[in-house]
Amino acid sequence: MTHEILTADSLKAFPLPMPHEGSKDERGSALVLGGSRSVPGAALLAGIAALRAGAGKLKIATVESGAAGMGLAVPEAMVVGLPETPEGGVDGARAKDCLLKVTKGCDGLLIGPGLVEDGPTTKLAVELLEALPDASFILDAAAICGLAPHAGDVCRHGERVVITPHAGEMAQLLDRSREAVEADPLDAALAAANLLHAVVVMKGAETWIVDPQGARWLYEGGGVGLATSGSGDALAGIVVGLLARGLAPLAAALWGVFLHGEAGKRLAASIGPVGFLAREIAGEVPRLLRETGS
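Because the structure is a prediction, the values reported are computed rather than measured.

Analysis parameters
Residues numbered from 1 in each chain as written. Predicted model: local features only at pLDDT ≥ 70, side-chain atom pairs only at ≥ 80, totals over all residues. Heavy atoms only, no water. Core = buried A, V, L, I, M, F, W, Y, C linked by side-chain atoms within 4.5 Å. Buried < 20%, exposed > 50% of the residue type's maximum accessible area, 1.4 Å probe, protein only. Helix = DSSP H or I, 4+ residues; strand = E, 2+ residues; numbered from the N terminus. Contact = heavy atoms within 4.5 Å. Expected span 1.5 Å × (residues − 1). Pairing = 2+ DSSP bridges. Axes fitted to C-alpha atoms, helices over the stretch in contact; angles between N-to-C directions.

So, on to the nonpolar core. Nonpolar side chains in soluble globular proteins tend to be buried together. Residues Ile-209, Leu-242, Trp-255 and Leu-259 are the most contacted members of the largest nonpolar core, which totals 55 residues. Mapped by element, the contributors of at least two residues to this core are β2 (29–33), α1 (41–52), β3 (57–63), β8 (199–202), β10 (216–219), α10 (231–244), α11 (249–270) and α12 (285–291). Here the element with the most residues in this core is α11; it accounts for 11 residues. The contact partners of Ile-209, leaving out residues within four places of it in the chain, are Leu-6, Val-199, Val-200, Val-201, Ala-215, Arg-216, Trp-217, Leu-250, Ala-253, Leu-254 and Val-257. In this structure, Leu-115, Ala-143, Ala-167 and Leu-218 belong to the second largest nonpolar core, which totals 49 residues.

Before going further, it helps to spend a moment on α1. Helix length check: α1 (12 residues) gives 17 Å between terminal C-alpha atoms against 16 Å at 1.5 Å per residue, within 8%. Ala-42, Ala-43, Leu-45, Ala-46, Gly-47, Ala-49 and Ala-50 are the residues of α1 that are buried. Buried residues along α1 sit in contact with β2, β3, α2 (64–73), β5 (108–111) and α10. A positive phi of about 110 degrees marks Gly-54, the residue just after α1.

A few words now on the sheet that holds β3. Ordered by their spatial adjacency, 10 strands build an open sheet running β1-β10-β9-β8-β7-β6-β5-β2-β3-β4, and the pairing between neighbours is mixed. Two strands close off the open sheet at either side, each with one partner strand: β1 (4–5) and β4 (78–82). Looking at chain direction, strand β6 (residues 136–139) and strand β7 (residues 161–163) are connected through three bridges and run parallel. Bridge pairing links Leu-139 to Ile-163 in β7. Relative to β3, α2 is tilted by about 145 degrees, and along the sheet it contacts β3 and β4.

One non-glycine residue with positive phi stands out, namely Ala-141, at about 55 degrees. Relative to the helices and strands, Ala-141 resides in the loop between β6 and α5 (142–145). Positive phi, normally seen in glycine, also occurs at His-197, with a value near 60 degrees. If you trace the backbone, His-197 turns up in the loop between α9 (185–196) and β8. Residue His-197 is classed as partly exposed on the basis of its relative accessible area of 39%.

Function cannot be read off these values alone, since they describe shape.
Here's what the structure looks like:
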């Protein structure tokens, strides 16, 4: 099967829904579950990106020790503090009941940025998938690595799921070496899509997007400057914002990769090929959306 190069023209087959009224509810509600005592800012980067992608409402669920600061840093969001483990991560067992209340009515959920414990994060992600049959999900970072033992659970909901691994996370998911994933990222993406029946965004200098039926798109890259701390959090946030707006998982993944990469190109031109910050990526998204008529 051949692949398609991801461009603005190819995205015309996946039009973005545009609101017809002024209500923020019409653009959907996104929730970001992320952050830890040692990496509190990942949820912030993702949350702001979700709003820049057009989500109408934002909730951020993060560790209790970071919630007050998060609320001040992102005043547009409803912020919920969750019980912590001694290591400073979200205590999934104690947080579950709170999350089931907070996530009610959310259209798109992002789980993973800045979370530090793979096993509990994966378990919590699967439980939320089961509990929220009407929501779309993007699983990132710690939510990806331990998914293989839960593949059957994810498969039942795979049509609602996007995963966004880098090579190291994909290696853990598939029980392959990182070198093997980097040598053939498309094969890894296809294997993961088949395993989970989900849309896979295989991040790298070039990014492969694969759907469960084996269709594949290649985005040829937004530049080396995007290889920077927090860049993946911004990408995941863009995707969840688009999911909240009502895009199907494949369309949200394609648009998210394109917007993230094109933002990198813009920042490289205005600031320099390296040295721009992940926090600056989301700010380019509204202009890109305007230029595409979206």
